[in-house]
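Coordinate inspection notes
If you want the building blocks of each chain, they are given just below.
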Amino acid sequence: MISYRKELHFNLPRRRGLVNITRDVEKALAESGIQEGLILVNAMNITASVFINDDESGLHQDYELWLEKLAPEKPYSQYRHNGYEDNADAHLKRTIMGRETVVAVTAGKLDFGQWEQIFYFEFDGKRDKRVLVKIIGE
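The residue numbering used here restarts from 1 in each chain and proceeds along that chain's sequence as written. Only residues with pLDDT of at least 70 are given local features in this predicted model, and only at 80 or more are side-chain atom pairs given and counted; all residues enter the totals for whole chains, interfaces and linings. As a rule here, side-chain values cover all heavy atoms of the structure and leave hydrogens and water aside.

It is worth spelling out the overall build of the protein at this point. Helix and strand definitions here come from DSSP, where helices need a minimum of 4 consecutive H or I residues and strands a minimum of 2 consecutive E residues; each element is numbered from the N-terminal end. Along its length, the protein carries 3 helices and 8 strands. When its helices and strands are written in sequence order, the protein yields β-β-α-β-β-α-α-β-β-β-β. On the principal axes, the C-alpha backbone points of the protein span a range of 50 × 30 × 20 Å. Looking at the protein as a whole, 43% of its 138 residues qualify as buried. Categorising residues by exposure relies on relative accessible area from a 1.4 Å probe, with only protein chains included: less than 20% of the type maximum marks a residue as buried, more than 50% marks it as exposed, and the intermediate range marks it as partly exposed.

Centres within 6.5 Å are what make two rings of Phe, Tyr or Trp a pair, Trp counting through its six-membered ring; a difference in plane orientation under 30 degrees is then read as stacked, over 60 as edge-to-face, and the rest as tilted. In this structure the tally under the stated criterion is 6 aromatic pairs. Residues Phe-51 and Phe-121 carry aromatic rings whose centres are separated by 6.2 Å and whose planes lie at 40° to one another, so their mutual orientation is tilted. Here Phe-121 lies in strand 7 (residues 117-122) and Phe-51 lies in strand 4 (residues 48-53), a separation of 70 residues in the sequence. For the pair formed by Phe-51 and Phe-121, the shared burial category is buried.

Strands in a sheet are paired, the pairing made by backbone hydrogen bonds, and the direction either parallel or antiparallel. Being paired, for any two strands, means DSSP has found at least two bridges between them. Strand order in the open sheet formed by 5 strands is 1-8-3-5-6, with antiparallel pairing between adjacent strands. Each edge of the open sheet is held by one strand with a lone partner, namely strand 1 (2-10) and strand 6 (109-110). On top of the sheet, helix 1 (residues 22-32) reaches strand 1, strand 3 (37-43), strand 5 (100-106), strand 6 and strand 8 (129-137); it is set at about 150° to strand 1, its chief contact. Contacts were defined at the residue level, with two residues in contact if any of their heavy atoms lie within 4.5 Å. Geometry is summarised by axes, namely lines fitted to C-alpha atoms with helices restricted to the contacting stretch, and by angles between N-to-C directions that run from 0 to 180 degrees.

This next bit is on the side chain of Asp-124. Looking at where Asp-124 falls in the secondary structure, it is placed in the loop between strand 7 and strand 8. Residue class for Asp-124 comes out buried when judged on its relative accessible area of 9%.

Our focus in this paragraph is the nonpolar core. The term nonpolar core refers to a set of buried residues drawn from Ala, Val, Leu, Ile, Met, Phe, Trp, Tyr and Cys, joined through side-chain atoms within 4.5 Å. Judged by nonpolar contacts, the single largest core of 21 residues is most densely connected at Ile-21, Ile-39 and Val-41. Looking at this core, the elements with two or more residues in it are strand 1, helix 1, strand 3, strand 4, strand 5, strand 7 and strand 8. Beyond its immediate chain neighbours, meaning those up to four positions away, Ile-21 contacts Leu-8, Phe-10, Val-41, Ile-118, Phe-119, Tyr-120 and Val-131. The next biggest cluster of nonpolar side chains, apart from the first, holds 8 residues, and it includes Phe-51, Tyr-63, Met-97 and Phe-119.

A few words now on the packing of helix 2 (residues 57-70) against helix 3 (residues 88-97). Orientation of helix 2 relative to helix 3, taken along the N-to-C sense of each, is 120°, at an axis distance of 10 Å. On the basis of the axis angle, helix 2 is oblique to helix 3. The hand of the helix 2/helix 3 crossing is right-handed. Listed contacts from helix 3 to Tyr-63, Trp-66, Leu-67, Glu-68 and Leu-70 of helix 2 are Lys-93, Ile-96 and Met-97. Just so you know the grouping, Ala, Val, Leu, Ile, Met, Phe, Trp, Tyr, Cys and Pro go in nonpolar, Asp, Glu, Lys and Arg go in charged, and all remaining residues, Gly too, go in polar. By residue class, the composition of the contact of helix 2 with helix 3 is 6 nonpolar, no polar and 2 charged. Every angle not falling under 35 degrees, over 145, or within 65 to 115 is termed oblique; those three ranges are roughly parallel, roughly antiparallel and roughly perpendicular. The hand of a helix crossing depends on one turn: near helix anticlockwise from the far one by less than a right angle means left-handed, and clockwise means right-handed.

Encoded structure:
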């Protein structure tokens, strides 16, 4: 068994943003040479998420509205965490959406169901963030 590690880097210009990273993950898989195994993709920051779903703009807007209802950004004073920072909502949104995803690798390809794509969801942007791509297999 072999392993391969790559970091993806992001610096989104807005506080929140959604990025389809499927092609980046596929590129890392091709670089690895692994044909059969597993690929882990995880946000390496506690205010961002990686998840799998459909790449449909209406759904993306629904995520934004739903998450804002569950953990609204403002008023900042509603959160005990906020003081030096104003990102308590970003921590909560990340908990809801999750840290990482794992995908099977079969015949050198991501073994997805129909419409599945991998996304990076930023909840506290405007600074450098990383996503880890770790692939193990043969």
